[in-house]
Amino acid sequence: MKIVLPAADGTLQPYQISPPRGWPRPEGPPRSRVVYAAAHVVADPMGDPAAPVPAVDWDSTLRVRRHLWAYGLRVAEAMDTAQRNMGLDWTAARELAKRSADAAKDFGDPAELVAAGVGTDHAPGAPDLDAIVTAYSQQLHAIRATEAGVVLMASRELAALARGPEDYLKVYGAVLGQADRPVIVHWLGEMFDPALAGYWGSPDIWRAAETLLQLIRENIAKIDGVKVSLLDAQHEVALRTALPAGVRLYTGDDFNYPSLIASGSHALLGIFDAIAPAASTALHALDEGDMLSYEEILAPTVTLSRKIFEAPTYNYKTGLAFLSWLAGHQDAFVMIRGAQAARSLPHLAEVFRLADSAGLLPDPDLSVRRMSALLTQYGIPQ
């Protein structure tokens, strides 16, 4: 089966589709690592992308999550770069967490299978640190009421107000004191959200790490782990080594995840939304000590991930929704706030090629029909 695709230089080139790869469904989750996929939200194609309240296709959104659970992955829900601060408001995020936690009960304990983001985005312009603590607390209790676990997200409001490390320690300490079970603390880099530059009180990531480590040591019973999204493998390994025993490091490095997971990191990754079958098979190979299979499976997914997450990195969700559509997990390639237009046609064509090379187009006929329809829309008839 062939299709004509645009190349980066603007030329059109024929491409031969590979046969589908059959990824096995696992009997359970990976044993050696705890892994979350930061799942994307499917927009309602009939909704108004400019409407203040985002229109969500809930059936398709939950279908994506069931696909992830079926491959033994957990789901990180209502997260900052995946959904929040990018079109999904707090009201919709809370609804998403509730629906996801309810659906997870068909697979197990929702507190284990879903970790939902807790932040301060419903309180823009918070006047002081106490107001930020209050905002965090409101979301913390609302998420726990859904029975989901918690990811304590970075706060744009706190970043705007904090004058040094002590302000971060004060706010996080007050919020963690209210947690009824250990949470994941998320350190999100400015490449994902420029408003978070200098988080933890310093633009130097090594000094910032010392503040985070102090927070963990002072609240160790309240912290399951820390999720690091800095795209700096050297720093991540050093931080992981410095963590107290029993505190996990969840890599958020969508560029270097195979080596980081192999060397000891757990994972909370956006790319796992797109590569769940391959990731699941590779992680079970890791469980068995089969490093050759682990590396062979994940190597082509890294090339794909680096394309999806190329600068500007925060537009990576377009690639996730695109691949979900090509794989048949959703019926339309539309996104909240019209974000499907955030990437060029040559970019999407390369994502198509790389996904095919990684064995991630389960129904080539469907994928070709849908890609052909998109190309025709752009004036490239097939």
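Keep in mind the model is a prediction, meaning the values are calculated, not measured.

Rules behind the numbers
Numbering of residues starts from 1 in each chain and follows the order in which that chain's sequence is written. pLDDT decides what is reported in this predicted model: residues at 70 or higher carry local features, side-chain atom pairs at 80 or more are listed and counted, and totals for whole chains, interfaces and linings draw on all residues regardless. The side-chain figures draw on all heavy atoms in the structure; neither hydrogens nor water molecules are used. Only Phe, Tyr and Trp rings are paired, with Trp represented by its six-membered ring, and only when their centres lie within 6.5 Å; those with planes under 30 degrees apart are stacked, over 60 edge-to-face, the remainder tilted. Strands are runs of DSSP state E lasting at least two residues, helices are runs of H or I lasting at least four, and both sets are numbered from the N terminus onward. Note on classification: 1.4 Å probe, protein chains only; a residue is buried when its accessible area is under 20% of the maximum for its type, exposed when over 50%, partly exposed between these limits. DSSP bridges decide pairing: two strands pair if at least two such bridges lie between them. The angle between two axes is taken between their N-to-C directions and runs from 0 to 180 degrees, where each axis is a line fitted to C-alpha atoms and a helix contributes only its stretch in contact. The criterion used for residue contact is that any of the two residues' heavy atoms lie within 4.5 Å. Basic side-chain nitrogens of Lys or Arg form a salt bridge, by our definition, when they fall within 4 Å of a carboxyl oxygen of Asp or Glu. Helices are assigned an expected span. That span is 1.5 Å times one less than the residue count. Side-chain atoms within 4.5 Å link the members of a nonpolar core, which is a set of buried Ala, Val, Leu, Ile, Met, Phe, Trp, Tyr and Cys residues. Each angle receives one of four descriptions, namely roughly parallel if under 35 degrees, roughly antiparallel if over 145, roughly perpendicular if within 65 to 115, and oblique otherwise. Left-handed describes a crossing in which the near helix is turned anticlockwise from the far one by less than a right angle; the clockwise case is right-handed. Each residue is assigned to one class: nonpolar for Ala, Val, Leu, Ile, Met, Phe, Trp, Tyr, Cys and Pro, charged for Asp, Glu, Lys and Arg, and polar for all the others, Gly among them.

J.: Would you mind showing me how to read the packing of aromatic side chains here?
T.: Describing an aromatic ring pair means giving the distance of the ring centres and the angle of the ring planes. For the coordinates displayed, the defined rule picks out 14 aromatic pairs. For the pair Tyr 15 and Phe 352, a centre-to-centre distance of 6.4 Å together with 80 degrees between the ring planes defines the contact as edge-to-face. With Tyr 15 in strand β2 (residues 12-16) and Phe 352 in helix α13 (residues 345-357), this pair connects stretches of sequence that are 337 residues apart. Tyr 15 gets classed as buried once you look at its relative accessible area, which sits at 16%. Note on Tyr 168 and Trp 200: the rings are 5.8 Å apart at their centroids and 50 degrees apart in plane angle, and the pair reads as tilted. Of this pair, Tyr 168 sits in helix α6 (residues 165-176) while Trp 200 sits in the loop between β7 (183-188) and α7 (205-218), placing them 32 residues apart in sequence. An aromatic cluster of at least three residues, connected via ring pairs, comprises Tyr 136, Tyr 168, Tyr 172, Tyr 199 and Trp 200.

J.: It is not clear to me how the sheet that holds strand β4 (residues 74-77) should be interpreted in this structure. Could you clarify?
T.: Where strands meet in a sheet, backbone hydrogen bonds hold them as pairs that are either parallel or antiparallel. Strand order in this closed barrel of eight strands is β3-β4-β5-β6-β7-β8-β9-β10, and the pairing throughout is parallel. Within this sheet the neighbouring strands show an average axis-to-axis angle of 30 degrees, counted without direction. With four bridges joining them, strand β5 (residues 114-118) and strand β6 (residues 149-152) adopt parallel strand pairing. Bridge pairing links Gly 117 to Val 151 in β6. With respect to the sheet, α6 is in contact with β6, β7 and β8 (223-229), its orientation differing from that of β6 by roughly 175 degrees.

J.: Looking at this structure, how should I read unusual backbone geometry?
T.: What you tend to see is this: most non-glycine residues have negative phi, and most peptide bonds are trans. That bond from Ala 311 to Pro 312 is cis: its omega, -5 degrees, falls within 30 degrees of zero. In this structure, Pro 312 sits in the loop between α11 (291-308) and α12 (316-327). Even without a glycine there, the phi angle at Ala 78 is positive, about 55 degrees. For Ala 78, the position within the fold is in the loop between β4 and α2 (90-104). Judged by relative accessible area, Ala 78 falls into the buried class, the value being 0%. Of note, Arg 337 is a non-glycine position whose phi angle comes to about 60 degrees, a positive value. Positionally, Arg 337 belongs in the loop between α12 and α13.

J.: Please explain the pattern of salt bridges as it appears in this structure.
T.: Summed over all chains, the structure comprises 15 salt bridges. Residue Asp 102 pairs with Lys 98 through a salt bridge whose shortest N-O separation is 2.6 Å. Within this pair, Asp 102 and its partner Lys 98 are both found in helix α2, separated by four residues, close to a single helical turn. Asp 102 gets classed as partly exposed once you look at its relative accessible area, which sits at 32%. The partner of Arg 156 in a salt bridge is Asp 193, and the shortest N-O contact between them spans 2.8 Å. Taken as a pair, Arg 156 in helix α5 (residues 156-161) and Asp 193 in the loop between β7 and α7 lie far apart in primary sequence, 37 residues in all.

J.: Sorry, what's going on with α6 here?
T.: Structural remark: α-helix, 3.6 residues per turn; residues separated by three or four positions point the same way. Over its 12 residues, α6 extends 16 Å from the first C-alpha to the last, a length consistent with the 16 Å expected when each residue adds 1.5 Å. Among all positions in α6, only Asp 167, Tyr 168, Leu 169, Val 171, Tyr 172, Val 175 and Leu 176 are buried.

J.: Would you explain the nonpolar core in this entry?
T.: Grouped together as the largest cluster of nonpolar side chains are 125 residues, with contacts concentrated most on Tyr 199, Phe 272, Phe 322 and Phe 352. Among the elements that take part in this core, helix α10 (residues 272-287) stands out by supplying 10 residues, more than any other. Aside from chain neighbours lying at most four places away, what touches Phe 322 is Phe 333, Leu 348, Val 351, Phe 352, Met 371 and Leu 374. By size, the runner-up hydrophobic cluster in this structure holds 11 residues, among which are Tyr 36, Val 151, Ile 184 and Leu 268.

J.: It is not clear to me how the packing of α2 against helix α4 (residues 129-145) should be interpreted in this structure. Could you clarify?
T.: Packed helices, taken two at a time, are described by their axes: the angle between them and the distance between them. Contact geometry for α2 and α4: axes closest at 9 Å, N-to-C directions at 30 degrees. Taken as axis vectors, α2 and α4 run roughly parallel relative to one another. Considering how the two elements wind past one another, α2 and α4 form a crossing that is right-handed. Between α2 and α4, the residues in contact are Trp 90, Arg 94 and Ala 97 and Gln 139, Ala 142 and Ile 143, respectively. Here the residues of the contact of α2 with α4 are counted per class, giving four nonpolar, one polar and one charged.

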